[in-house]
Amino acid sequence: MMPGDFPAFAVACGEEGSDPLVLHEGTMVRVDEYEASGHLTHLDEDLAAVADLGVRVWRYGMPWRLTETAPGTYDWTLWDRALEACKRHGLTPVVDLCHFGLPDHYAGFGHGDWVDGFARYVEAFLARYPEPRWFTPVNEPGITAMFSSLLGMWNDRTASHETYFVTLANVVLANLEALARIQADRDGWWIGSEGFGCELADPDDDAGVRAATESRDLQQAAWDLHLGVAPRGVAARLNEVVEEATLERIAGLVGAVPPERTVAGHDIYPVSVTAHG
């Protein structure tokens, strides 16, 4: 293994830094996990405690909205603190640049204007911080799209296959644009992070099998788009819904990071197992 390569095996940790917009009692509120946990107040103490556990790989990111305070205006104070603390405590960061939330000047993940804004943010990050090599540019692209535009719980709060496909394409495109810039700038790694369900059905229950297959195809579309695989089943409609120009940009970026620099991370939660039928 060369210096800077991601280890073949690692016990890693991360700080929950998500900040989606959520409807609460009739009002859209920002659910900022760093604010809830007090992490930004205790940042150095928290990282020291993690290092004391023997952890050396640390998935970490500052909320994009707190860095890009206005379009194209960046305040790097939090990132400076975070990366200096990582170095001080011997933690190598897996850099997380977008974790379920957008800056306030973007309307939502289903609106394509944020994609190029994110690419500019990534370029500015790379110009300021030459050392990081491990990146999760967009955390859980499929979950971001699903909760924002299929389940209607976060951010855009839309709920249809059509809006999900558009949002998913935007999120995948943003991730690939970021990865292409990272790879052009340095020998970077894509440490993928994606939540997937385990969809179960009685094989003798035709309706249950159909529902499980549909759910699986919708989720798998996130990896399909990233890897240049044609979406299958109900997700194949994505090609009819998403603008051709967006699909062409995605296709042109597939393979931006070579397989030997890719870790296909799968996130499993207690709610990941769903029985259909």
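A few points on the structure. (Residues numbered from 1 in each chain as written. Predicted model: local features only at pLDDT ≥ 70, side-chain atom pairs only at ≥ 80, totals over all residues. Heavy atoms only, no water.)

1. So, the layout of surface pockets
Then step 1. Taken as a whole, the largest pocket holds about 620 Å³ of empty space.
Then step 2. At the level of secondary structure, the elements contributing two or more residues to the lining of the largest pocket comprise β1 (12-14), β4 (57-60) and β13 (266-267).
Then step 3. A class-by-class count of the residues in the lining of the largest pocket yields 19 nonpolar, nine polar and six charged. (1 Å grid on protein atoms, 1.4 Å probe; cavity = no way out; pocket = protein on both sides within 12 Å on 5 of 7 lines; lining within 4 Å. Points joined across faces, edges and corners; volume = space filled by probe spheres on them. Helix = DSSP H or I, 4+ residues; strand = E, 2+ residues; numbered from the N terminus. Nonpolar A, V, L, I, M, F, W, Y, C, P; charged D, E, K, R; others polar.)

2. A short note on unusual backbone geometry
Then step 1. The backbone phi angle of Phe100 is positive, close to 75°, even though this residue is not glycine.
Then step 2. Relative to the helices and strands, Phe100 resides in the loop between β7 (92-98) and α5 (113-128).
Then step 3. Positive phi values are uncommon outside glycine, yet Asn155 reaches one of about 50°.
Then step 4. Tracing the backbone through its elements, the reader meets Asn155 in the loop between α6 (141-149) and α7 (161-185).

3. Observations concerning the nonpolar core
Then step 1. Within the largest apolar cluster, 64 residues are counted, with the highest numbers of intra-cluster contacts made by Tyr60, Trp79, Leu97, Trp114, Phe118, Phe125 and Leu168.
Then step 2. Contact partners of Trp79, with chain neighbours within four places excluded, come to Tyr60, Gly61, Met62, Thr67, Val95, Asp96, Leu97, Tyr121, Phe125 and Tyr129.
Then step 3. Core analysis: the second largest hydrophobic core is formed by six residues, Phe6, Trp134, Trp189 and Ile191 among them. (Core = buried A, V, L, I, M, F, W, Y, C linked by side-chain atoms within 4.5 Å. Buried < 20%, exposed > 50% of the residue type's maximum accessible area, 1.4 Å probe, protein only. Contact = heavy atoms within 4.5 Å.)

4. Regarding the sheet that holds strand β8 (residues 134-138)
Then step 1. Spatially, six strands are ordered β1-β4-β7-β8-β9-β12 in an open sheet, and the strand pairing comes out parallel. Here the strands that pair on one side only, and so sit at the sheet edges, are β1 and β12 (262-263).
Then step 2. Pairing between β8 and strand β9 (residues 189-191): two bridges, direction parallel. Within the sheet, the bridge partner assigned to Phe135 lies in β9 and is Trp190.
Then step 3. The strands touched by α5 are β7 and β8; relative to β7, the strand with the most contacts, the crossing angle is about 155°. (Pairing = 2+ DSSP bridges. Axes fitted to C-alpha atoms, helices over the stretch in contact; angles between N-to-C directions.)

5. Digging into the pattern of salt bridges
Then step 1. Taken as a whole and judged by the stated rule, the model has 19 salt bridges.
Then step 2. Close ionic contact of Asp187 with Arg133 constitutes a salt bridge, the shortest N to O distance being 3.1 Å. Linking Asp187 in the loop between α7 and β9 with Arg133 in the loop between α5 and β8, this pair joins segments that are 54 residues apart in sequence.
Then step 3. With a relative accessible area of 18%, Arg133 lands in the buried category.
Then step 4. Linking Arg237 and Glu240 is a salt bridge whose minimum nitrogen-to-oxygen distance equals 3.7 Å.
Then step 5. Under the relative-accessibility criterion, Glu240 is labelled exposed at 62%.
Then step 6. Three or more residues joined by partner-sharing salt bridges are found here, namely Asp116, Glu123, Glu177, Arg181 and Arg249. (Salt bridge = Lys/Arg side-chain N within 4 Å of Asp/Glu carboxyl O.)

6. A word on the packing of α6 against α7
Then step 1. Two elements in contact, α6 and α7, have axes separated by 9 Å at closest approach and are oriented at 150°. What the angle tells us is that α6 and α7 run roughly antiparallel. The chirality of how α6 crosses α7 is right-handed. Here α6 contributes Pro141, Gly142, Thr144, Ala145, Met146 and Ser149 to the contact with α7, which in turn contributes Thr163, Tyr164, Thr167, Leu168, Val171 and Asn175.
Then step 2. Split into classes, the residues belonging to the contact of α6 with α7 amount to six nonpolar, six polar and no charged. (Parallel < 35°, antiparallel > 145°, perpendicular 65-115°, else oblique. Left-handed = near helix turned anticlockwise from the far one by under 90°.)

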